[in-house]
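Results of the structural survey
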Amino acid sequence: YSHRRDRDVFLFYESLFPGQVRRAETVLHSEKLDKLIQQRQHFLELYENTEAKQIYRQMLYEKKTESFERGGKVLCFPKRKPAAPTEPKIRVGGTCCRGEAVLAMPHYLSKIETLN
C-alpha cells in the first residue's frame, strides 16, 4: 500500500537505482472510471444537442414573429402569430412513451453534475 503514491514509488525505485530515476508514476486502469467518463460524455452530447436545437427554434420563432409583425406571411398562415417554442422535454423512468415527462436540459445537467 505504501507504494501507491507517486512520491513513494519514486523513492522506492530511486533506492534501487540511485541517480537513475527521473520520474515514477502510479497508473491505475479502472473500467468503472472509463464507464463513468463515457456516461458523462453521453449526457454532455445530449445536453449540447438539445441546447443547439432550442437555440435554433428560438431563432426561427423570432424570425417568423418579425415577419408576421411586418404583415408578411408565416409559412402559409398569413394571420396566425407564430407560437413560442416550448422547453424540450424527455421521458424518464419508463420505457417508450411511459415515464415522467421532465425538462430535458435541467435533467441532462443534473446527470452531468452527478458524474463530475
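Refer to the structure above for everything that follows.
Residues numbered from 1 in each chain as written. Predicted model: local features only at pLDDT ≥ 70, side-chain atom pairs only at ≥ 80, totals over all residues. Heavy atoms only, no water.

Points about the nonpolar core
Soluble globular proteins: nonpolar side chains tend toward being buried together. Judged by nonpolar contacts, Phe43, Leu44, Tyr47, Ala104, Met105, Tyr108 and Ile112 together constitute the single largest core of seven residues. Residue assignment for this core shows that the elements contributing at least two residues are helix H2 (31–69) and helix H3 (104–115). Among the elements that make up this core, the one with the highest residue count is H3 (four residues). In this structure, alanine 104 is in contact with Thr50, Pro88, Lys89 and Ile90, ignoring residues within four places of it in sequence. (Core = buried A, V, L, I, M, F, W, Y, C linked by side-chain atoms within 4.5 Å. Buried < 20%, exposed > 50% of the residue type's maximum accessible area, 1.4 Å probe, protein only. Helix = DSSP H or I, 4+ residues; strand = E, 2+ residues; numbered from the N terminus. Contact = heavy atoms within 4.5 Å.)

Let's talk about the pattern of salt bridges
A side chain of one charge can pair with a side chain of the opposite charge if their charged atoms are brought near each other. Inspection of the entire model under this criterion finds one salt bridge. A salt bridge links arginine 70 to glutamate 66; the nearest nitrogen and oxygen atoms lie 2.9 Å apart. (Salt bridge = Lys/Arg side-chain N within 4 Å of Asp/Glu carboxyl O.)

Regarding the packing of aromatic side chains
What the rule picks out here adds up to two aromatic pairs. Ring geometry for phenylalanine 12 and tyrosine 13: centres 5.1 Å apart, planes at 80°, overall edge-to-face. By relative accessible area, phenylalanine 12 is classed as partly exposed at 34%. Ring centres of phenylalanine 43 and tyrosine 108 lie 6.3 Å apart, and the angle between their planes is 40°; on these two criteria the pair is classed as tilted. One end of the pair, phenylalanine 43, is in helix H2; the other, tyrosine 108, is in helix H3, and 65 residues separate them in sequence. Grouping residues by exposure puts phenylalanine 43 and tyrosine 108 together as buried. (Phe/Tyr/Trp six-rings, centres within 6.5 Å; stacked < 30°, edge-to-face > 60°.)

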